[in-house]
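# Per-entry structural report
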Amino acid sequence: MKKVITVVLILMIGFSGFSQEDGKKKSGKKFGPNKTHFVHSHLSLGFMTPPKEGDGADILYGKSHTITYGFRYKLRVADFFALGAGLNYTYQVWHMDQVDAKVIPAAGIHKKEKLMSNNLGSDVYLRFNFGKRKNTVGNYLDLGGYGEWAYGTSWRITDDYVEIANDPMPYEYSTGTAYKLGFMEKINYGLQARIGYG
């Protein structure tokens, strides 16, 4: 998780510097939030929604989350309409609740257990703007679709060590990790809608 946060911060700093330098070279008539072309980065944090009751996949809410960082490009076609596309990286983690009814990803009870997924994604959208605005994003409705590839998935469990008499190295926990999980979908896609105000 620390590595993910570090990479995101480096990308944000790098893109900010690029935008400032690049902005000096481009004409203000064509590039900007309400101009012909607009490129920006975005960062979002979300939390997992509850699973269906009785499916054996209860999670710890608040700890189970998703972080997304990416870039979007918007091409203004008319005053009220634009086309857009984006690329992003998403990190997802599900902390599994250790209850007797658990069957996903397996029925065993552990000290701690979590599923993790690293995803590369893309989206395309139609943007409809509403109301008057100057060189700002303004109020809008985005309608489009997305797709993502889960290129790295892992399952990590942590259990108590069994105490062994005269053990010179008494560790408290034992951790095991499995990678490239076959039971997690590698390709995900769907429709999406966004509402913006600004």
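Residues numbered from 1 in each chain as written. Predicted model: local features only at pLDDT ≥ 70, side-chain atom pairs only at ≥ 80, totals over all residues. Heavy atoms only, no water.

Let's shift gears to the overall build of the chain. The helix and strand tally for the chain stands at 1 helix and 7 strands. The linear arrangement of helices and strands in the chain, starting from the amino end, is α-β-β-β-β-β-β-β. Out of the 198 residues in the chain, the part that is buried amounts to 32%. If you take every contact in the chain between residues at least 6 apart in sequence, the share linking residues at least 24 apart comes to 65%. Split by element, the accessible area of the chain, about 13200 Å² in all, is 62% carbon and sulfur. (Helix = DSSP H or I, 4+ residues; strand = E, 2+ residues; numbered from the N terminus. Buried < 20%, exposed > 50% of the residue type's maximum accessible area, 1.4 Å probe, protein only. Contact = heavy atoms within 4.5 Å. Areas by Shrake-Rupley, 256 points an atom, 1.4 Å probe, with all protein chains shown as cover.)

Listed in full, the 6 residues of the largest apolar core are M48, I59, M96, L115, L181 and M184. Those residues in contact with L115 that lie beyond four places of it in its chain are Q92, V93, W94, M96, P105, S154, W155, L181 and F183. (Core = buried A, V, L, I, M, F, W, Y, C linked by side-chain atoms within 4.5 Å.)

This paragraph deals with the pairing of strand β4 (residues 112-130). Where strand β3 (residues 81-95) and β4 come together, 15 bridges link them in antiparallel fashion. Looking at the pairing, V93 lines up with M116 of β4. By the bridge criterion, 19 bridges tie β4 to strand β5 (residues 139-160) in an arrangement that is antiparallel. Looking across to β5, one finds that L115 is bridged to W155. (Pairing = 2+ DSSP bridges.)

By secondary structure assignment, the location of N118 is in strand β4. Of the polar contacts made by the side chain of N118, one reaches the side chain of Y89; its length is 2.5 Å. (Polar contact = N/O pair within 3.5 Å; in protein donor to acceptor, adjacent residues only side chain to side chain.)

Across the chain, the average pLDDT comes to 83, with 79% of residues at 70 or higher. Between residues 6-27, whose pLDDT stays under 50, and residues either more than four places distant or in other chains, the model counts 11 contacts. (pLDDT = per-residue confidence, 0-100.)

The next thing to look at is the pattern of salt bridges. Tallied over the entire structure, the rule returns 5 salt bridges. Notably, a salt bridge pairs D79 with R76, separated by 2.9 Å at the nearest N-O pair. The closest approach of N and O atoms between R194 and D123, which form a salt bridge, is 3.5 Å. Of the two residues, R194 sits in strand β7 (residues 187-196) while D123 sits in strand β4, which places them 71 residues apart along the sequence. For the residue pair R194 and D123, the accessibility class agrees, reading buried in each case. Among the ionic contacts, a cluster of salt bridges with common partners joins D123, R127, D142 and R194. (Salt bridge = Lys/Arg side-chain N within 4 Å of Asp/Glu carboxyl O.)

In this section: the pairing of β5. As defined by bridge partners, β5 adjoins β7 across 10 bridges and the pair is classed as antiparallel. Within the sheet, the bridge partner assigned to D142 lies in β7 and is R194.

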